[in-house]
Amino acid sequence: MTEDRSVTGAYVDHDLCTGATMCLQMARGGFELDEAGQSVFRPGGQWAASDLEAAADSCPMAAISLVRDPRKPGD
Ligand code: SF4
């Protein structure tokens, strides 16, 4: 997959997230589970844009939205 440099973060919809942890496996530094067992994005974590894209693609609940910076062109 070609990395999209415009991806600057992610948002997890807790109305959808079931804690399946696919996102943690795809982007280990990008997400963690909160006390309720739901995923939260780690802005200061060690992740690459391609990791976040893979996490969003892998989420069975489509709970992850990617945050994009329109000033950074995607590939
Ligand atoms: S893969 Fe989706 S449903 Fe599973 S923990 Fe991550 S955001 Fe939640």
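For the structure itself, consult the block above.
All figures in this text were calculated on a predicted structure; none of them were measured in a lab.

Chemist: How would you summarise the overall build of the chain if you had to cite specific residues and measurements?
Modeler: Across its full length, the chain carries 2 helices and 4 strands. Ordering the α and β elements of the chain from the N terminus gives β-α-β-β-α-β. Counted over contacts in the chain with a minimum sequence separation of 6, partners at least 24 positions apart contribute 68%.

Chemist: Provide a residue-level description of the nonpolar core, including the pertinent values.
Modeler: With 17 residues, the main nonpolar core has Cys23, Ala27, Leu52, Ala55 and Ile64 as its most contacted residues. Those elements giving two or more residues to this core turn out to be β1 (7-12), α1 (22-26) and α2 (49-58). In terms of residue count, the dominant contributor to this core is α2 (4 residues). If sequence neighbours within four positions are ignored, Ala55 has contacts with Cys23, Met26, Ala27, Gly30, Phe31 and Ile64.

Chemist: Break down the site of the ligand for me, citing the residues and quoting the values.
Modeler: The full set close to the ligand counts 13 residues, and Cys17, Ala20, Cys23, Ser39 and Cys59 are the nearest of them. Residues of the shell around the ligand, tallied by class, amount to 9 nonpolar, 4 polar and no charged.

Chemist: Got a sec to walk through unusual backbone geometry? Specific residues and values, please.
Modeler: It is generally the case that most residues other than glycine have a negative phi and that most peptide bonds are trans. The backbone phi angle of Thr21 is positive, close to 70°, even though this residue is not glycine. Locating Thr21 in the fold gives a position in the loop between β1 and α1. Using a count of 14 C-beta atoms within 10 Å as the deciding quantity, one classes Thr21 as partly exposed.

Chemist: Provide a residue-level description of the environment of Leu16, including the pertinent values.
Modeler: Among the secondary structure elements, Leu16 is positioned in the loop between β1 and α1. Using a count of 13 C-beta atoms within 10 Å as the deciding quantity, one classes Leu16 as partly exposed. Ignoring any residue separated from it by four or fewer positions in sequence, one finds Leu16 in contact with Met61, Ala62 and Ala63.

Calculation notes
Residues numbered from 1 in each chain as written. Predicted model: local features only at pLDDT ≥ 70, side-chain atom pairs only at ≥ 80, totals over all residues. Helix = DSSP H or I, 4+ residues; strand = E, 2+ residues; numbered from the N terminus. Contact = placed C-beta atoms within 7 Å. Core = buried A, V, L, I, M, F, W, Y, C linked by C-beta atoms within 7 Å. Buried ≥ 20, exposed ≤ 12 C-beta atoms within 10 Å, placed from the backbone. Near = placed C-beta within 6 Å. Nonpolar A, V, L, I, M, F, W, Y, C, P; charged D, E, K, R; others polar.

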